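Structural description and commentary
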Amino acid sequence: KQEVTQIPAALSVPEGENLVLNCSFTDSAIYNLQWFRQDPGKGLTSLLLIQSSQREQTSGRLNASLDKSSGRSTLYIAASQPGDSATYLCAVRGGYQKVTFGTGTKLQVIP
Amino acid sequence: DGGITQSPKYLFRKEGQNVTLSCEQNLNHDAMYWYRQDPGQGLRLIYYSQIVNDFQKGDIAEGYSVSREKKESFPLTVTSAQKNPTAFYLCASRRGSGEQPQHFGDGTRLSIL
């Protein structure tokens, strides 16, 4: 059974700092890994999707990497801003449309 | 703009009552999903549908039912058999071909009166 872990559960950083969020998964047989952002009381916003054959994806100040063999992904946020404050979730897709989500890292960027 | 619309935003259920959560998408996506989110837990899959008139149970389907009569609509009914329905419900969709990202609606928060 796939398990997805995100550590830490919460993170507080000063504005302008570069930061890394971690996601680990137990079964490396995945099709893709997706990073999402969730604001309080809202749905999930897709940030980046990395195919199993890819090593990383970039969008603006965000860079996500994937190391399938070790079961790890990182989301790098450059020059953090207060507007980046949210909960960040990762999700891995296996066979039969099975998507397993982590419990998220709650990020607070302090002005 | 294309997107996923969930309604209502807040819903209250009385004991023994069935309630239906609406999910509509105009993204022309083939696959649609229902998830439940509880505090401190990851999203858990209730049901999913890859094509019209077909759907499969997810990890926690007991006490829920769905239909997929139209491509753009995937309503979820929370029946009285679901003993702990209080949660945040999220609908998602995905284009069927290739490795495409999931897109989510803004959710429905269901509470028990």
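The coordinates are above.
A brief look at the structure comes next.

Rules and cut-offs
- Residues numbered from 1 in each chain as written.
- Chains lettered and ligands numbered in written order.
- Predicted model: local features only at pLDDT ≥ 70, side-chain atom pairs only at ≥ 80, totals over all residues.
- Heavy atoms only, no water.
- Core = buried A, V, L, I, M, F, W, Y, C linked by side-chain atoms within 4.5 Å.
- Buried < 20%, exposed > 50% of the residue type's maximum accessible area, 1.4 Å probe, protein only.
- Helix = DSSP H or I, 4+ residues; strand = E, 2+ residues; numbered from the N terminus.
- Contact = heavy atoms within 4.5 Å.
- Phe/Tyr/Trp six-rings, centres within 6.5 Å; stacked < 30°, edge-to-face > 60°.
- Lys NZ or Arg CZ within 6 Å of the ring centre and 35° of its normal.

The next thing to look at is the nonpolar core. Within the largest apolar cluster, 22 residues are counted, with the highest numbers of intra-cluster contacts made by Leu33(A), Trp35(A), Leu75(A) and Ile77(A). Secondary-structure elements contributing two or more residues to this core are β3 (19–25), β4 (32–38), β5 (44–51), β7 (62–67), β8 (72–77), β9 (86–93) and β11 (105–110) of chain A. With residues near it in sequence (within four places) discarded, Ile77(A) still touches Glu17(A), Asn18(A), Leu19(A), Leu21(A), Arg61(A), Leu62(A), Asp84(A), Tyr88(A) and Leu107(A). Listed in part, the 19 residues of the second largest apolar core include Leu21(B), Val66(B), Val78(B) and Cys91(B).

If you walk through the whole model with that rule in mind, you get 9 aromatic pairs over all chains. Taking the centre distance of 5.4 Å and the plane angle of 90 degrees together, the rings of Phe36(A) and Phe104(B) count as edge-to-face. Linking Phe36(A) in strand β4 with Phe104(B) in strand β10 (residues 103–104), this pair reaches from one chain into another. Each member of the pair, Phe36(A) as well as Phe104(B), is classed as buried. Centre to centre, the rings of Tyr33(B) and Tyr48(B) are 6.3 Å apart; their planes meet at 25 degrees, and the pair counts as stacked. Here the residue Tyr33(B) occupies a position in strand β4 (residues 31–37), and Tyr48(B) occupies one in strand β5 (residues 44–51), the gap between them amounting to 15 residues. With a relative accessible area of 0%, Tyr33(B) lands in the buried category. Ring pairs connect the aromatic residues Phe36(A), Phe101(A), Tyr33(B), Tyr35(B), Tyr48(B) and Phe104(B), which therefore count as one cluster. Over the face of the ring belonging to Tyr31(A) we find Arg93(A), whose NZ or CZ atom lies 4.9 Å from the ring centre.

As a rule of thumb, non-glycine residues mostly have phi less than zero, and peptide bonds are mostly trans rather than cis. Backbone torsion omega between Ile7(A) and Pro8(A) reads 5 degrees, so that peptide bond is classified as cis. Inspection of the secondary structure puts Pro8(A) in the loop between β1 (4–5) and β2 (10–14). With omega at -5 degrees, the peptide bond leading from Ser7(B) into Pro8(B) counts as cis. Despite not being glycine, Ala79(A) has its phi angle at roughly 45 degrees, a positive value. Considering the arrangement of structural elements, one finds Ala79(A) in the loop between β8 and β9. Residue Ala79(A) is classed as partly exposed on the basis of its relative accessible area, which comes to 36%. For Asn53(B), which is not glycine, the phi dihedral falls at a positive 65 degrees. Its relative accessible area of 62% is what places Asn53(B) among the exposed residues.

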